[in-house]
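Working through the structure, step by step
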Amino acid sequence: MNIQTKHFKIIVPMAILVIASLGFVRPEERSPVLNDSSDINTTNNSKEAEKPMPIYGNWKNYDSKNGLPGDKAYCVKIDGERILVGTHEGLAVLENGKWKTYTTDDGLAHNGVLAIDVDQATGDVWLGTMGGLSRWSTGKFENFNQMNSGMPNDLIYAVTCDEKFVWVATGGGAGSYNTYTRKWEIFTEENAPMHEPWTYGVCASKDKIFIAAWGGGVIEYTKKTKKFRDYVDPDGNMEIDLFPDDGVVHDITTGTSWANDILWVATYFGLSRYDGVHWKGYFDHDSGLASNFINFIKAKDDYAFICTDQGLSCTDGNNWVTYTTNEKTNKGKTIILNGTNKKELGESTSLAHNFILGVDIVGNDIWVATAEGVSHGQLKH
Amino acid sequence: MIKRSDCVIKTICLALFLVCNFMNGQEDKTMYGNTTEELFPYHKFQKAYKYHFIEPVQFYGAGRDKQAPKDLTEVRIGFLGPLEGSPIVSLGKQMLNGSILAIEQANENGGYNNLPFKLMVHNDVGLWGAAANEVVEMDEEKVWAWLGSIDDIVSHVALRATLKMEIMMVNTGDPDPTFTETNIPWVIRVIGDDRQSGYALASYIFDVMNHERVAVIRSNERYGRVGIMEYSGFAVRKGHPMMIEERFNLDETDFTMQLENIKRVSPDAILIWGNAKESALILKQIRSMGMTQPVYASDRSVSEEFLEIAGDAAEGLVSTCPYNPEADNPKLKKFQKAYADRFGIKPDVFAAHAFDGMNLIIEAIKKEGLNRVLIRDVLSDLETFQGYEGVTGKIIFDGSWNDIGKIWMAKVKQGKFEYSPVPVLKATSDGKAME
């Protein structure tokens, strides 16, 4: 009897310690088991989408052979009935079924167009180029650069229109242009919580601006109070993510996008989602994310569309759809991950290329900018 | 009886705790940046959820089948460096000289298919963001790859731009560890960084010299702030955090206030992290204030400028150097002679590494032809140029394309730097590094 008690005393702490240890940090056990199966039936799926994820297809591609001035498309924007595409060789516009290209010969600041946004109030198109910011209004280009305005740098990575302001993200800081007063306000390490003024993404919510600061995580600017705060990876180290959901997955951020009270943050190390209270991290090994290397992100309603170097992923935070292409056969593949169940759908059409640089979605249409052209898809279901 | 069973349980629990710790420990493959397990962040407490830089990021973009123009009359390679308006112009000019020498020698050997190489030279100015505009200009000039820069601010800004332009960047002068921690597959660094330098200095200071109370004085800009980080992390993990960390501004000449503060804490040793000029002035003031502690310094002090300004005070200073300029290496000797003949001065560390970096670009172009993506591919494949024997020694890249080849200790003896191998970072059972 005494012996049994002694064993009991030993076994219980042993068991507790072993269980605690195993449950502590085992990355492989944190990862959902992805059942690579064509079986459509799902089982025991507690996180399956309440409404099905949108699936796009019927891709039609455009490149230098059928409309674009060059193959590489940096960005794309749906502007009512027309499509605006930023390429290395100019701004391409699809209107009434025909493409037209605008270059420096037409007044554009630079032929390399990296970012596009449209002021919904005025209809002005704002173009972030490799050589300044262009406003395209009533058929004319007005250009802003470091020499003729207070803009922080001529190479513009992101543009966002927010009421009367136009925000730009550059390697020399973030800039906010007041279209009423025609004045710039610049945000750098001097007046915002950044170590350095390297900014590569900017987006707006109802009351805030979110700046992706290279090495500085996300800088949040409250419009009403004009106050800043930052969100960084709490472990403070570049070479690791210590805990998965403790903050932005990495301080090297490349883009931000906000919709439906959710902030999505792109990095070259994975994806982050912030609901105002909790952060959630996603990597290619523990989710349906096509790749950790994210070039651009666009949030739309309940979904984030993530432009990676290995395909376009879409998620609601739990469920995933990823679009890839076999670049040799030009056949597409749609990979659907609902909760823990994975299935693949073959597509006769595909994206122009897996290296995705930009995306825009309006209604049933999706346009995707890739390294070898721009793709137009339609909502299938 | 009760005491004995308690003792048994405690022993088993302790054993289990150690086993559990082991189970949650670092994986073997986390030797990124020559970092030993004991130096890895949080290693003793927590296994990370995700480790970066273990496998190199591949470039999955397009462009490998793009043909070169047929009407070329020259093969352009870009250069970005501090050539005017910067406190490190002397370093930039040496870097430019090293690049020019490599280009001239390649052209003497027929260039690329009898087309001459041409260097497209850009000044990096050093102001925020300016480097991005220079990279755009290089894209317009249609360079096939480019070399630069030294200032870490410049290099970071240029790196993001070069990713957009898709032009391979070979860096031979920026020691900022975070520079290659960006996961951008369009850069290789051909020089040891401040991680290597910080580890070597810390290992020397704590394990060889057995100092425990070390004061730090560093430049109050990014080079000082980021440069000291790896040393600082090592020191903390060794149980010897900095006693005091004082800062100085560029071009400051009177460091009395900072040194009085340091004197007050009676350190065993002092570490200076800054450019050659300020480091030399600080060292002189340390000695003039009667402080006799051993002094250590970052690798920018390994220069003629430092020795000239510091004078006799330099004696005994210990630093690191990314290569050994006294090495018995025929390639190095040949380079040093050619450089002195061409420019009338001795090459410094930036000249030698630029010579190696530019030769890598030239060889990559000769191997793969005029295609930016293929040039990137071959420079970053971790095979073709892995172990490349340059004038600076053997170049070894880790998974983030950071040069983790040998660096050297440099000690001033009789007015000259003498070079010796750095202590080997090897964990022992008591957690200390071995020489």
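None of these values were measured; they are calculated from a predicted model.

Brief notes about the overall build of chain B
Of the regular secondary structure elements, chain B holds twelve helices and 15 strands. Within the span of chain B, comprising 435 residues, buried residues form 52% of the whole. Sequence separation of at least 24 residues holds for 69% of the intrachain contacts in chain B that already meet a minimum separation of 6.

Focus on the pairing of strand E28 (residues 331-338) of chain A
Residue and element names in this part refer to chain A. Strand direction decides the pairing type here: strand E27 (residues 320-326) and E28, joined by seven bridges, are antiparallel. Bridge pairing links Val 321 to Ile 336 in E28. Between E27 and E28, which pair antiparallel in sequence order, lie four residues; one of them, Asn 330, sits at a positive phi of approximately 65°. Sheet topology places E28 next to strand E29 (residues 341-347); seven bridges connect them, and they run antiparallel. Counted as the bridge partner of Thr 334 is Leu 345 from E29. The hairpin formed by E28 and E29 contains two residues between the paired strands, and Gly 339 there has a positive phi angle of roughly 60°.

A few points about the sheet that holds strand E8 (residues 125-129) of chain A
Residues and elements named next belong to chain A. Strand order in the open sheet formed by four strands is E7-E8-E9-E10, with antiparallel pairing between adjacent strands. The two strands at the open ends of the sheet, each matched to only one other strand, are strand E7 (113-118) and strand E10 (140-144). Sheet twist, expressed as the mean angle between neighbouring strand axes with direction ignored, is 20°. Pairing geometry for E7 and E8, over five bridges, is antiparallel. For Ile 116, the partnering residue across the bridge sits in E8 and is Leu 127.

Observations concerning the confidence of the model for chain B
Residues and elements named next belong to chain B. Overall, the prediction assigns chain B a mean pLDDT of 90, with 89% of residues at 70 or greater. In the predicted structure, residues 17-30 sits below a pLDDT of 50 and forms 17 contacts with residues beyond four places in sequence or in another chain. Of the regions scoring below 50 in pLDDT, residues 428-435 engages in 15 contacts with residues more than four places distant in sequence or in other chains. In the model output, the complex is listed with pTM 0.88 alongside ipTM 0.87.

Quick look at the domain arrangement of chain B
Accessible area lost on assembly of the parts is the figure often given for the size of an interface. Residues and elements named next belong to chain B. According to the domain assignment, chain B contains domain 1 (75-192 + 327-395) and domain 2 (195-321 + 408-421). With centres defined by C-alpha atoms, the gap from domain 1 to domain 2 works out at 29 Å. Listed per partner, the contact involves twelve residues of domain 1 and 14 residues of domain 2. Split into classes, the residues belonging to the side of domain 1 that touches domain 2 amount to six nonpolar, three polar and three charged.

Topic: the sheet that holds strand E13 (residues 173-178) of chain A
Residues and elements named next belong to chain A. Strand order in this open sheet of four strands is E11-E12-E13-E14, and the pairing throughout is antiparallel. Each edge of the open sheet carries a strand with a single partner, namely strand E11 (156-162) and strand E14 (183-187). Strand-to-strand twist across the sheet, computed as the mean angle between neighbouring axes with direction ignored, equals 20°. Across five bridges, the pairing between E13 and E14 is antiparallel. The residue of E14 that forms the bridge with Tyr 177 is Trp 184.

Some remarks on unusual backbone geometry
With an omega of -15°, the peptide bond between Gly148(B) and Ser149(B) qualifies as cis. Counting through the fold element by element, Ser149(B) comes out in the loop between strand E4 (145-148) and helix H4 (152-165). The backbone phi angle of Arg182(A) is positive, close to 60°, even though this residue is not glycine. Along the chain, the position of Arg182(A) falls in the loop between E13 and E14. Unlike most non-glycine residues, Asn330(A) shows phi in positive territory, near 65°. Here Asn330(A) shows up in the loop between E27 and E28.

The rules behind each value
Residues numbered from 1 in each chain as written. Chains lettered and ligands numbered in written order. Predicted model: local features only at pLDDT ≥ 70, side-chain atom pairs only at ≥ 80, totals over all residues. Helix = DSSP H or I, 4+ residues; strand = E, 2+ residues; numbered from the N terminus. Buried ≥ 20, exposed ≤ 12 C-beta atoms within 10 Å, placed from the backbone. Contact = placed C-beta atoms within 7 Å. Pairing = 2+ DSSP bridges. Axes fitted to C-alpha atoms, helices over the stretch in contact; angles between N-to-C directions. pLDDT = per-residue confidence, 0-100. Domains from an automatic or database assignment. Nonpolar A, V, L, I, M, F, W, Y, C, P; charged D, E, K, R; others polar.

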